[in-house]
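Examining the three-dimensional arrangement
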Amino acid sequence: MNTPFEGLPQGADRIVYVREVAVGDLPDEVREQVGDAQVIWSVHGADGRQLALVADRKLAFHLAREHDFTPVSVH
């Protein structure tokens, strides 16, 4: 099967990366705001800059799409 691939919908400059973050790895002032959660999700720009921290993966992807970014999971 040979299917043409024209790249990601918004292009490389509109990609963000979503990854799980252990709450214990966050600064104290952020941990105080998280509550009882053990993990949260981080959204990063292509340059590695952290753009957002959110409660769950689904919300991270939704947030990215709402701002016209293409979210990609990072393992």
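The preceding data block contains the structure.
The shown structure was predicted, so the numbers you read here are calculated from the model rather than taken from an experiment.

Cut-offs applied
- Residues numbered from 1 in each chain as written.
- Predicted model: local features only at pLDDT ≥ 70, side-chain atom pairs only at ≥ 80, totals over all residues.
- Heavy atoms only, no water.
- Buried < 20%, exposed > 50% of the residue type's maximum accessible area, 1.4 Å probe, protein only.
- Helix = DSSP H or I, 4+ residues; strand = E, 2+ residues; numbered from the N terminus.
- Arc of directions from axis to C-beta.
- Contact = heavy atoms within 4.5 Å.
- Phe/Tyr/Trp six-rings, centres within 6.5 Å; stacked < 30°, edge-to-face > 60°.
- Lys NZ or Arg CZ within 6 Å of the ring centre and 35° of its normal.
- Polar contact = N/O pair within 3.5 Å; in protein donor to acceptor, adjacent residues only side chain to side chain.
- Pairing = 2+ DSSP bridges.
- Axes fitted to C-alpha atoms, helices over the stretch in contact; angles between N-to-C directions.

With that settled, the discussion passes to helix α2 (residues 57–66). One full turn of an α-helix is made of 3.6 residues, so residues set three or four places apart face in the same direction. Listed as buried for α2 are Ala-60, Phe-61 and Ala-64. Down the axis of α2, the buried set is contained in an arc of 95 degrees. They therefore lie on one face. Turned more than 90 degrees from where α2 packs its buried face, Lys-58 and Glu-66 sit exposed. On its buried face, α2 sits against β1 (15–22), β2 (39–45), β3 (50–54) and β4 (70–73). Asp-68 sits one or two positions beyond α2 and adopts a positive phi of about 60 degrees.

Let us look at the packing of aromatic side chains. In total, this model carries zero aromatic pairs according to the counting rule given. It is Arg-14 that lies over the ring of Phe-69; its NZ or CZ is 3.9 Å from the centre.

This part covers the side chain of Ser-42. Examined against the element boundaries, Ser-42 turns out to sit in strand β2. For Ser-42, a relative accessible area of 0% puts it in the buried group. A polar contact is formed between the side chain of Ser-42 and the side chain of Gln-50, at a distance of 3.1 Å. Excluding residues within four positions of it along the chain, Ser-42 makes contact with Tyr-17, Val-18, Arg-19, Val-21, Gln-50, Ala-52 and Leu-53.

Here the focus is the sheet that holds β4. Taken in spatial order, the four strands line up as β3-β2-β1-β4 in an open sheet, and their pairing is mixed. On the outer flanks of this sheet lie β3 and β4, each paired with one strand and no other. Each strand of the sheet is rotated relative to its neighbour by a mean of 30 degrees, with strand direction disregarded. Of the pairings in the sheet, the one linking β1 to β4 comprises four bridges and is parallel in character. If you follow Val-16 over to β4, its bridge partner there is Pro-71. Strands β1, β2, β3 and β4 of the sheet are contacted by α2, whose axis makes an angle of about 150 degrees with β4.

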